[in-house]
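# Summary of the model geometry
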Amino acid sequence: MSSDGPVLGSVLAVNGSGLVVGLGRPPAGARPPSLGELVAVPGEPTVPIGVIHALRHGRRADDHAVADVQLVGEVVTVAGEPRFRRGISVFPALDAPVVRAGPERAAVVYAPPTATSVRVGRLSNVPDVPAHLLVDPLLGKHFAVLGSTGSGKSWTVAGILQAILRACPAAHIVLLDPHGEYAPAFGARAEALDLANLELPYWLMNFEETAAILAPGRDGRAYAEQAILKDALLTARQMWAAGNGGIAGPVTVDTPVPYRLADLVKLIDEAMGALNKPEGAAPYRQLLARIESIRNDRRYAFLFQSLYLRDNMDGVLGRLLRFPVADRPVTVIDLSGVPSEIVDVIVSLLCRMLFEFGLWSERGRAVPLLLVCEEAHRYVPASSASGFEPSRRAIDRIAKEGRKYGIALGLVTQRPAELSPSALSQCGTVVALRMSNERDQAFVRNTLPEGSDWLLSALPALATGEAIVLGEGVTLPMRIRLEPLPPGAQPASHTPAFSEAWRHDGTGLDFVRDTVRRWREQRR
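Residues numbered from 1 in each chain as written. Predicted model: local features only at pLDDT ≥ 70, side-chain atom pairs only at ≥ 80, totals over all residues. Heavy atoms only, no water.

## Re helix α6 (residues 220-243)
The end-to-end C-alpha distance of α6, which contains 24 residues, comes to 35 Å, matching closely the 34 Å that a straight helix rising 1.5 Å per residue would cover. Within the span of α6, buried status applies to A222, E225, Q226, I228, L229, A232, L233, A236, R237, W240 and A241. Of the surrounding elements, those touching the buried residues of α6 are α5 (207-214), α7 (261-273) and α8 (282-295). One or two steps after α6, the chain reaches G245, where phi turns positive at roughly 85°. (Helix = DSSP H or I, 4+ residues; strand = E, 2+ residues; numbered from the N terminus. Expected span 1.5 Å × (residues − 1). Buried < 20%, exposed > 50% of the residue type's maximum accessible area, 1.4 Å probe, protein only. Contact = heavy atoms within 4.5 Å.)

## With respect to the side chain of D334
Within the fold, D334 resides in strand β13 (residues 330-334). Judged by relative accessible area, which is 15%, D334 ranks as buried. At 2.5 Å, the side chain of D334 and the side chain of S336 are in polar contact. (Polar contact = N/O pair within 3.5 Å; in protein donor to acceptor, adjacent residues only side chain to side chain.)

## Examining the packing of helix α10 (residues 343-360) against helix α11 (residues 389-401)
In contact at an axis separation of 8 Å, α10 and α11 are set at 30° when each is read in the N-to-C sense. Classified by the angle their axes make, α10 and α11 are roughly parallel. Of the two possible hands of crossing, α10 and α11 adopt the one that is left-handed. Facing α10, whose interface residues are D344, V347, S348, C351, R352, F355, E356 and L359, α11 presents P390, S391, A394, I395, R397, I398 and E401. Per-class residue counts for the contact of α10 with α11 are eight nonpolar, two polar and five charged. (Axes fitted to C-alpha atoms, helices over the stretch in contact; angles between N-to-C directions. Parallel < 35°, antiparallel > 145°, perpendicular 65-115°, else oblique. Left-handed = near helix turned anticlockwise from the far one by under 90°. Nonpolar A, V, L, I, M, F, W, Y, C, P; charged D, E, K, R; others polar.)

## A short note on the pattern of salt bridges
Scanning the model with the defined rule gives 23 salt bridges in all. Here R56 ties to D68 by a salt bridge, and the two come within 2.5 Å at their closest N and O atoms. On the criterion of sequence distance, the pair formed by R56 in strand β4 (residues 47-56) and D68 in strand β5 (residues 66-78) is long-range, its members being 12 residues apart. Judged by its relative accessible area of 40%, R56 is partly exposed. (Salt bridge = Lys/Arg side-chain N within 4 Å of Asp/Glu carboxyl O.)

## Examining a nonpolar patch on the surface
Nonpolar side chains collect at one region of the surface, where V14, F91 and L94 lie side by side and expose about 260 Å² of accessible area between them. Mapping F91 onto the fold places it in the loop between β6 (81-86) and β7 (97-100). A relative accessible area of 40% places F91 in the partly exposed class. (Patch = residues over 30% accessible without salt bridge, like charges linked within 9 Å, V, L, I, M, F, W, Y side chains within 5 Å. Areas by Shrake-Rupley, 256 points an atom, 1.4 Å probe, with all protein chains shown as cover.)

## Digging into empty space enclosed by the protein
Scanning the entire structure with this criterion turns up four cavities of 30 Å³ or more. For the second largest cavity, the calculated volume is near 40 Å³. Lining the second largest cavity are Y110, A111, P130, A131, H132, L134, V474, T475 and M478. For the lining of the second largest cavity, the leading source of residues is strand β9 (residues 130-134), giving four residues. Residues that form the lining of the second largest cavity fall into these classes: seven nonpolar, two polar and no charged. (1 Å grid on protein atoms, 1.4 Å probe; cavity = no way out; pocket = protein on both sides within 12 Å on 5 of 7 lines; lining within 4 Å. Points joined across faces, edges and corners; volume = space filled by probe spheres on them.)

## Here we look at the sheet that holds strand β16 (residues 429-432)
Strand order across the open sheet formed by 11 strands is β9-β8-β18-β17-β16-β10-β15-β14-β11-β13-β12, with mixed pairing between neighbours. Unpaired on one side and paired on the other, β9 and β12 (190-193) mark the two borders of the sheet. Neighbour-to-neighbour, the strand axes of this sheet turn through a mean angle of 25°, independent of strand direction. In the sheet, strand β10 (residues 143-146) pairs with β16 via four bridges, with the strands oriented parallel. Its bridge partner lying in β16, L146 is registered against A432. With respect to the sheet, α11 is in contact with β14 (369-373) and β15 (407-413), its orientation differing from that of β15 by roughly 120°. (Pairing = 2+ DSSP bridges.)

Encoded structure:
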């Protein structure tokens, strides 16, 4: 291509994965080659393409500088049009000239292929070339967004999802939002759910999740309460199923059919009355007292809010998963107001329902779903002792098996080292923002292809909104600057400007009164 830059040097050595290039003296006024720069070796019928991943001086003082180039693929002509493909079929010869790839050549290498792709920014080292993500590989093989606090994770997630929605307006995306910051980024295109309008009937929980609320703990008394609860829960579900036409197949303690809390209380009370020794009634009384306490706790109203029992599982799932989409392809679930002692239970319930929905959908009719889990290290930690095991197991199951059933997973975290390695290892695409912690960098290092260490070395120095993207969702590992989000499409994740807010005393006791009222009403 005539747009290629000047000759940088010539090939001194060739190995199976790269080149050693002797660099000539750059012409007057020309900039010297730099790390991460794309180079080409002009030839026929293919043009090998490489990335400079190391620069060094020659062994003797009078030697020219040397560049190590990692070969990444080649440009070929197909039907008269240049196309980039991975792999090298014809290696460059010794002494072959090496040139700086010009904008046209770079555009071919990083061009969106024929498959659906979305533009998310521009290459940092070639600002004229747009950066694209490949939608199907990105979602079909899961993705992770990693970065330290303040690196732009929320903006990156919002930008990627907005780009996907521009190409796929009938998507089905569920976003778990622990800080209540994403709803403003999607506006009218999101079904925003919080404690005020979230409906998750208690009977959707399986036994393990129910026990975590009604019979928590791991001591002997908790085990006794859980055994009592299990028997009563099974019978209560069977009573409802028998009285409402039944269902095809056996009803187990985990079958998602309704049951009346009044029936559950009655069964526990009857079991307590049948005891031969009154001193054995303590776990029954504790269980009954906890059920009554939770039923009267307004914080749990989204679970126990129905005055009458109805089988509305299809309506609940339809709203959560956006069937029909109705111009709102994203469900943002604000978990910031959920009681801290049960937030893991709610995450477990939501993730498990997504997986089960995909699992039991009729083959050939299933619609792909995307679950985006912000602050993922809280729900799927590296250590099984650090979190609620059912939520960890539910997300791990989606990571390992979800793609078989059309369930895609997006993990977002500022602490990759604390996230489950098995879940992270299933993410085919990694978007890495600025991070300085060596333990966090270790995961990214393990995902990089050979010869791409120059990308890892850039992690601590990335600007806010700048990222390294590698894996299945891009044609090549690349350093990109993400598109800025316009006003009205930004997440509410701004850090308060202390210096500005503290200059004037303009806030009075009315602000405190309003905050107290919202606090008491549990309303954000």
